[in-house]
There are 2 protein chains.
Amino acid sequence: MAQPVDEFDLIARFFKPLARDMPGAFGLRDDAAVLRPEPGFDLVVSADAIVAGVHFFTHSPPEYIARRGLRVNLSDIAAKGAVPLAYTLTLQLPSETDEAWLSGFANGLSDDQQEFGLGLLGGDTTRTDGPLSLSINIFGQVTENNIIIRSGARVGHDVYVTGTIGDAYLGLAVEQGALELPEGQDRMALVDRYCLPQPRVFLGPKLVGYASAAADVSDGLIADLGHICEASVLGAEIGFSSVPLSAAGRRTVTDNQPLHLSLLSGGDDYEIVFTAPETVRDAIEAISRDSGVPITRIGRMIERNSAGQSVVIRDDTGNQLEVGNGGYQHFRRYE
Amino acid sequence: MAQPVDEFDLIARFFKPLARDMPGAFGLRDDAAVLRPEPGFDLVVSADAIVAGVHFFTHSPPEYIARRGLRVNLSDIAAKGAVPLAYTLTLQLPSETDEAWLSGFANGLSDDQQEFGLGLLGGDTTRTDGPLSLSINIFGQVTENNIIIRSGARVGHDVYVTGTIGDAYLGLAVEQGALELPEGQDRMALVDRYCLPQPRVFLGPKLVGYASAAADVSDGLIADLGHICEASVLGAEIGFSSVPLSAAGRRTVTDNQPLHLSLLSGGDDYEIVFTAPETVRDAIEAISRDSGVPITRIGRMIERNSAGQSVVIRDDTGNQLEVGNGGYQHFRRYE
């Protein structure tokens, strides 16, 4: 392995180029940075850390680790209707980290900066005896007072989800050897979906003015819709067969209802679950058509039930289905 | 040790109260927060992480760890002339962390929020097999286009430093057993200074309009003045005997010039080193008097010398002194 890299050298060589287009970053050589949303816009901030062995495999390629760190954060602000501007990165590096790793990591950040239109604003790098970790703060902007929060849902509002649910969960299960799938396109599609989240960066801002509440699906569809329910002091009812699966996902869970059900609590989807009044159904359909991203109506918001269960899943005959969490816990170990 | 605490429960019990006065934090139950500087102000952002065993002793009381994390960040924005508004916290907790620890940690944050006038905006908590770490992003505001950056120094500008230099370095050396001092007030003063940084939060903003460049002294006076030199493409010349020491510091280094010299590269001072034109000497003196914080003129900015050494230390007869880094490296291990 190559020689470890000095801290200042590391910043100058690998990170300074990532701050090139951010005048307020002062070339990463100041104590702080200046960040200015455009006039008439609110600044939206979110913070998420990812740790090796907890949120990704330690042996993952550095490009993927970098992009995962950025994308889980991009997903958070996309769900709020915000357009990304910038991010800060505090990085804890195991002492054996070498130049090749750092170069790959910086390339991953650079690619995603270009893809999603944001720049590096500042940060901090520390050596650690522990696992590699990235802590990212992301900054976006949304027109004043228009952030889509979790607490805006009302009784009778429709519940929608973007894209498809469960692929990343199945992909992770395959990677961990907990689920056997033959080599082939389905396996590849599911694993890819786990390895590289696709946050809804371009779709999210289009929901401003239509969605009454939204959250990104990172903990699982039921948990994240549950967060909207908690914040809005409501319940939600969703149709099991309405939850959109990809072709690969659908083939993989055929004849295995427990596995199919577990997709709803799987997590790592990085889709957006949101609510909207019935009156904007046409507008939502148009947004889906224009953006090329499927948006599926999966249920509606209801009063909180007395049992205190916020999200109820029903089959086509109206029977309530129980969604266990057993598979989830098992799959989530990254060893 | 008590039962480890569930993630959501932890946020609700220990962190939600810290976000009480921040309407844009949405009670810490959304994906993101909204942050609004006042009209006519720029938002200033800084990010700094501290890791157990690297930046503090693992056995430090949780109150001190919390306050250290916040204060090293407060120091960064104070040096830029910004008034603190808010912060985000991503916390990596060893699995054995118990309620008593968390309660102490939250109390430490709460005390400093009150002392320095800022609130918690958001964050993320993760379990880790590695050392405890805190990654903080801090947000402040400064009147538009008035941030004090590192690159504004000019030839002939005076160099100043706030407070006293070297106490924390000596305090750390005592804590590590690398320096023997009898029990007593001096020892206590130095160790205290190391344990709880006193960032110049109230003084920093007063320097706006007077200081031409500034940095906080975290890596050491020479290194941080060196950062100003680098950014301003200049050199600096400082008088060894002008560097202000506390009474305890002065007594401790008497008759030990190598130790005395090492204070200038020691670090952890969390003072502000800044430059200003000669024309504002009276104003700087008035700021010092009004705020009750000593501000000492220690040298001046010069052209870069051909040897490429940015900071030159001279004794009272004009001879250049060599400042080694040997002691520094030794003292910085936190074991």
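Residues numbered from 1 in each chain as written. Chains lettered and ligands numbered in written order. Predicted model: local features only at pLDDT ≥ 70, side-chain atom pairs only at ≥ 80, totals over all residues. Heavy atoms only, no water.

### Notes on the interface of chain A and chain B
Every contact between the two is made by 50 residues of chain A and, on the other side, 51 residues of chain B. Note on chain A versus chain B: buried area summed over both sides is about 3800 Å², and carbon and sulfur give 50% of it. The largest share of the area that chain A buries against chain B comes from Arg29, Asp31 and Val45 of chain A, three residues that together contribute 16% of it. Our enumeration of links across chain A and chain B arrives at 8 salt bridges. Our enumeration of links across chain A and chain B arrives at 29 residue pairs in polar contact (both at pLDDT 80 or more). Put simply, the parts of the chain that give the side of chain A that touches chain B at least two residues each are strand 1 (33-35), strand 2 (41-51), strand 3 (83-94), strand 4 (119-128), strand 5 (133-143), strand 7 (213-217) and helix 6 (221-232) of chain A. When residues in the side of chain A that touches chain B are grouped by element, the largest group, 9 residues, is from strand 2 of chain A. Across the side of chain A that touches chain B, the residue classes tally to 22 nonpolar, 14 polar and 14 charged. In this structure, strand 1 of chain A lies alongside strand 2 (residues 41-51) of chain B, joined through 3 bridges in antiparallel fashion. Bridging from a neighbouring strand, Ala33 of chain A pairs with Val45 of chain B of strand 2 of chain B. (Contact = heavy atoms within 4.5 Å. Buried area = accessible area lost by both parts, 1.4 Å probe. Salt bridge = Lys/Arg side-chain N within 4 Å of Asp/Glu carboxyl O. Polar contact = N/O pair within 3.5 Å; in protein donor to acceptor, adjacent residues only side chain to side chain. Helix = DSSP H or I, 4+ residues; strand = E, 2+ residues; numbered from the N terminus. Nonpolar A, V, L, I, M, F, W, Y, C, P; charged D, E, K, R; others polar. Pairing = 2+ DSSP bridges.)

### Remarks on the domain arrangement of chain A
Residue and element names in this part refer to chain A. When the domains of chain A are assigned, the result is domain 1 (7-143) and domain 2 (150-331). Taken together, the contacts link 22 residues of domain 1 with 22 residues of domain 2. In total, domain 1 and domain 2 occlude about 1800 Å² of area from one another, counting both sides; carbon and sulfur atoms represent 63% of this. Per-residue buried area on domain 1 facing domain 2 is highest for Phe57, Arg68 and Arg71; these three make up 30% of the total on that side. Linking domain 1 with domain 2 are 1 salt bridge, by the criterion used here. (Domains from an automatic or database assignment.)

### Structural notes on the sheet that holds strand 4 of chain A
Strands sit in the order 4(A)-3(A)-5(A)-2(A)-1(B) across an open sheet of 5 strands; the sheet is mixed. The open sheet is flanked by strand 4 of chain A together with strand 1 (33-35) of chain B, the only strands paired with a single partner. Pairs of neighbouring strands in the sheet enclose a mean axial angle of 20°, with direction left out of account. Sheet strands in contact with helix 1 (residues 7-15) of chain A are strand 3 and strand 4 of chain A, and its direction is about 145° off that of strand 4 of chain A. (Axes fitted to C-alpha atoms, helices over the stretch in contact; angles between N-to-C directions.)

### What to know about the sheet that holds strand 11 (residues 311-314) of chain B
Residue and element names in this part refer to chain B. Taken together, 7 strands build an open sheet; the order of strands is 7-9-6-10-8-11-12 and the sheet is mixed. Bordering the open sheet on either side are strand 7 (213-216) and strand 12 (320-321), each of which pairs with just one other strand. This element, helix 9 (residues 281-291), spans strand 6 (158-162), strand 9 (272-276) and strand 10 (295-302) of the sheet and lies at about 150° to strand 10.

### Considerations on the pairing of strand 9 (residues 271-276) of chain A
All names here are of chain A. By the criterion of burial, strand 9 is predominantly enclosed, with 6 of the 6 residues buried. In terms of strand pairing, strand 6 (residues 158-162) meets strand 9 through 4 bridges, oriented antiparallel. Paired with Asp158 across the strands is Ala276, a residue of strand 9. Bridge count between strand 7 and strand 9: 5 bridges; the pairing is antiparallel. Bridging across to strand 9, Val217 finds its partner in Glu271. (Buried < 20%, exposed > 50% of the residue type's maximum accessible area, 1.4 Å probe, protein only.)

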